[in-house]
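# Overview (structure and organization)
Below are the chains, spelled out letter by letter.
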Amino acid sequence: MDLTKTAFGTWSGGRFMHYGQPLNEERWIDLARLAHSKGTRTFLTADVYGNGQADALLGRALSGLPRESYCLIGAVGHDFYTGKRDGSKGYPRFTNPELRRPQDFADYLSMAAEKSLERCGVSQFDYLLLHNPDSVGYTQDAVWTGMQRLVETGLTRKLGVAPGPANGFTLDLLLCFERFGPLIDAGMIILNPFEPWPGALVLPGAAQFGVDVITRVVDYGGIFHDDVRPGHQFGQSDHRSFRPGGWVETGNIKLDRLRPIAEKHGVTALQLAAAWCLQQPAVKCVAPTLIQEVGTNAKTIEEKAVELAATPEIRLSGEELEIVSEIGNNKGCMHLKGASRSHTANPVADQWSLNPELESVGARWGIDPDRDLLFSHSE
């Protein structure tokens, strides 16, 4: 199966990524099966989540369901097999020169894909994404020759790229499309009505090269689930506790301004966010994080899965799109990862300096790094 409109990511439910309360195994499995039964038929996993545990749990959830009834997307790139975890920075990318040479990239990718498939209990992915690549992953032939071999050997039908983990990688992704576009079927980016920047900058390139876009963080940290309100208490390890102070209050003010549009179309806040994403160029699939929040006013995570699956086909008018654009404008609100004018030190796994080639990419796509990719808000 190819991409469907809505997707379930294994980062949902708090077991492998710290969002809200972690579900126990049986409830997590029941949640994934509920999503499938309600019509969400794309499932995404990454081998590094729980060092393979997410793959295995998803495999248990999908066991017994007809293989043709869902689209399975895997992701490989973090080497937790031989690499050493660096605290909160996670595991190194497999392209790290301290781990292997370029001529060994293909063998690593095959091994990682095979092991991930074995844990998922299937013989083939529908899509396999290069997960959070470093600068080598975006640019080197050896990486994408290895990815192409995964298609040739039947481990996956299609290929893609998933930048991250933070916002950015704009010029890098466009360069990757230009260089390896014929091999890339899908790309996953952060995009929602309150975070159009910088993800929207790559959408024209995705459309030109025929790359189908999957959007994550559609829920904007839970704001669009409509149960994260001012005064909400996040756990110490919750990823959202690292967002700037006041983001919940500001997000709710913005959401209140969007409610008339949602009410006009008879949709929830989450469904409006999903519909907005699906109306953007090249976007084919939305994958919000499903979160079980704490508190008596919290929706159940099961309600959120049903709500997502029921996202209707609506079209926002040009005027409505302009209103959303004005409310959600976040240009310059953060330091971006990937190629950056501000990064002048040695390259690290998720940040490196601009070079003439990336400058020329920007020129071709009308992106000025000094105008369009810099943090411009006051600290």
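The paragraphs below set out a description of the structure included in this document. Owing to the predicted nature of the structure, the values given are computational and were not obtained by experimental measurement.

Taken in spatial order, the eight strands of this open sheet run β1-β2-β3-β4-β5-β6-β7-β8, and their pairing is parallel. Only two strands of the sheet have a single neighbouring strand rather than two, namely β1 (7–9) and β8 (283–287). On average, each strand axis in the sheet is inclined to that of its neighbour by 25 degrees, with strand direction left out of account.

Its 16 residues place the ends of helix α3 (residues 105–120) 23 Å apart at the C-alpha level, agreeing with the 22 Å of an ideal helix rising 1.5 Å per residue. Those residues of α3 that fall on the buried side of the exposure criterion are Phe-105, Ala-106, Tyr-108, Leu-109, Ser-110, Ala-112, Ala-113, Ser-116, Leu-117 and Cys-120. At its buried positions, α3 is contacted by α2 (53–62), β3 (71–76), β4 (125–131), α4 (135–139) and α5 (141–152). Gly-121 sits one or two residues past α3 and shows a positive phi near 80 degrees.

With that settled, the discussion passes to the side chain of Arg-100. With respect to the secondary-structure elements, Arg-100 resides in the loop between β3 and α3. The residues contacting Arg-100, other than those within four sequence positions of it, are Asp-79, Thr-82, Phe-94, Phe-105 and Tyr-108.

All right, on to empty space enclosed by the protein then. One simple way to see leftover space: roll a probe sized like a water molecule over the atoms. The final tally for this structure, using the stated rule, is two cavities of 30 Å³ or more. Of the voids in this model, the largest cavity is the one considered here, and its volume is about 100 Å³. Along the walls of the largest cavity sit 15 residues, with Pro-163, Asn-167, Gly-168, Ile-189 and Ile-190 positioned nearest its centre. Elements supplying a minimum of two residues to the lining of the largest cavity: α6 (170–180) and β6 (186–190).

Tracing the backbone through its elements, the reader meets Gly-318 in helix α11 (residues 318–328). Considering only alpha carbons, one finds Gly-318 and Pro-244, 74 residues apart in sequence, at a separation of 31 Å.

Moving on: the nonpolar core. Within the largest apolar cluster, 115 residues are counted, with the highest numbers of intra-cluster contacts made by Trp-28, Leu-72, Trp-144, Ile-214 and Phe-224. For this core, the leading source of residues is helix α9 (residues 269–278), giving eight residues.

Rules used in this analysis
- Residues numbered from 1 in each chain as written.
- Predicted model: local features only at pLDDT ≥ 70, side-chain atom pairs only at ≥ 80, totals over all residues.
- Heavy atoms only, no water.
- Pairing = 2+ DSSP bridges.
- Helix = DSSP H or I, 4+ residues; strand = E, 2+ residues; numbered from the N terminus.
- Axes fitted to C-alpha atoms, helices over the stretch in contact; angles between N-to-C directions.
- Expected span 1.5 Å × (residues − 1).
- Buried < 20%, exposed > 50% of the residue type's maximum accessible area, 1.4 Å probe, protein only.
- Contact = heavy atoms within 4.5 Å.
- 1 Å grid on protein atoms, 1.4 Å probe; cavity = no way out; pocket = protein on both sides within 12 Å on 5 of 7 lines; lining within 4 Å.
- Points joined across faces, edges and corners; volume = space filled by probe spheres on them.
- Core = buried A, V, L, I, M, F, W, Y, C linked by side-chain atoms within 4.5 Å.

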